[in-house]
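The residues making up each chain are set out below.
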Amino acid sequence: AQSVTQLGSHVSVSEGALVLLRCNYSSSVPPYLFWYVQYPNQGLQLLLKYTTGATLVKGINGFEAEFKKSETSFHLTKPSAHMSDAAEYFCAVSANTNAGKSTFGDGTTLTVKP
Amino acid sequence: DGGITQSPKYLFRKEGQNVTLSCEQNLNHDAMYWYRQDPGQGLRLIYYSQIVNDFQKGDIAEGYSVSREKKESFPLTVTSAQKNPTAFYLCASSMGDIPTEAFFGQGTRLTVV
């Protein structure tokens, strides 16, 4: 079984401030981890993914995430928020090679204040 | 351009009517999925298919049906047995045989009145 917990359904930051979105997972086997972004009334777009290898992964739009096995975490960060980062973000875990059949967190809505 | 096309984007139906949501992909992906999204509840898996002519129930399959007659197409029917069908429906696909991400369509917002 696998599960994902995203801490904080809403996060608000000022433009230029650090973005930190938290994700903790549970998986009985080595996980594959993903962060997706969703803009209103659109589908999800992949930001970054961890499968194997380097634990710090870089994605699009300046985002990165670090896989910490000991903490079962995969937090998403960005050094400096832009207004265009305002969206909903989903963390997902997959425990097999079929990444589409993932378990998703409930999402975190990011608001960026000018 | 390769991608996933869902149609229509908005759909209105009367209570008690079946309705079919379309999903087509030209990414040559083996696996396809349907998710339902409700506010504050993330994405919940309805059905998935890893190969043509085969599909499996997800976590919330009751009141839904699917078919996979072609690799490119995975339509979802919302039946009158679905008690609360109003939602945002997302179709996705993935290669299915290696650990890789899912590609999503733009979604269909279904409103039942």
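Conventions used here
Residues numbered from 1 in each chain as written. Chains lettered and ligands numbered in written order. Predicted model: local features only at pLDDT ≥ 70, side-chain atom pairs only at ≥ 80, totals over all residues. Heavy atoms only, no water. Core = buried A, V, L, I, M, F, W, Y, C linked by side-chain atoms within 4.5 Å. Buried < 20%, exposed > 50% of the residue type's maximum accessible area, 1.4 Å probe, protein only. Contact = heavy atoms within 4.5 Å. Salt bridge = Lys/Arg side-chain N within 4 Å of Asp/Glu carboxyl O. Helix = DSSP H or I, 4+ residues; strand = E, 2+ residues; numbered from the N terminus. Disulfide = S-S within 2.5 Å.

Q: Give a detailed account of the nonpolar core, specifying residues and quantitative values.
A: Ranked by size, the top nonpolar core spans 26 residues in total, and within it Trp35(A), Leu48(A), Phe74(A), Leu76(A) and Tyr89(A) carry the most contacts. In this view, Leu48(A) contacts Leu33(A), Phe34(A), Trp35(A), Val57(A), Lys58(A), Gly59(A), Phe63(A), Glu64(A), Ala65(A), Phe74(A) and Leu76(A); residues no more than four positions away in its chain are not counted. The next biggest cluster of nonpolar side chains, apart from the first, holds 20 residues, and it includes Ile46(B), Phe74(B), Val78(B) and Cys91(B).

Q: Which residues make up the pattern of salt bridges, and what values do they have?
A: The final tally for this structure, using the stated rule, is six salt bridges over all chains. Note that Lys49(A) is salt-bridged to Glu101(B), the shortest N-O span being 2.9 Å. Of this pair, Lys49(A) sits in strand S5 (residues 44–50) while Glu101(B) sits in the loop between strand S9 (87–94) and strand S10 (103–104), placing the two residues on different chains. Owing to a relative accessible area of 32%, Lys49(A) belongs among the partly exposed residues under this scheme. Overall, Glu101(B) belongs to the buried group, its relative accessible area being 12%.

Q: Please set out the state of the cysteines residue by residue, giving values where relevant.
A: Here the structure, examined in full by the defined rule, presents two disulfides over all chains. Between Cys23(A) and Cys91(A) runs a disulfide, and the two sulfur atoms are separated by 2.0 Å. Disulfide Cys23(A) to Cys91(A): torsion about the S-S bond roughly -65°, handedness left-handed. Within this pair, whereas Cys23(A) is found in strand S3 (residues 19–27), its partner Cys91(A) is found in strand S9 (residues 87–94), the two being separated by 68 residues in sequence. One exposure class covers both Cys23(A) and Cys91(A), and it is buried. Put simply, Cys23(B) and Cys91(B) are joined by a disulfide, and their sulfur atoms are 1.9 Å apart. Disulfide Cys23(B)-Cys91(B): torsion about the S-S bond near -75°, hence left-handed. Of this pair, Cys23(B) sits in strand S3 (residues 19–25) while Cys91(B) sits in strand S9; the two residues are 68 residues apart in sequence, bridging distant segments of the chain. Neither residue differs from the other here; Cys23(B) and Cys91(B) are each classed as buried.

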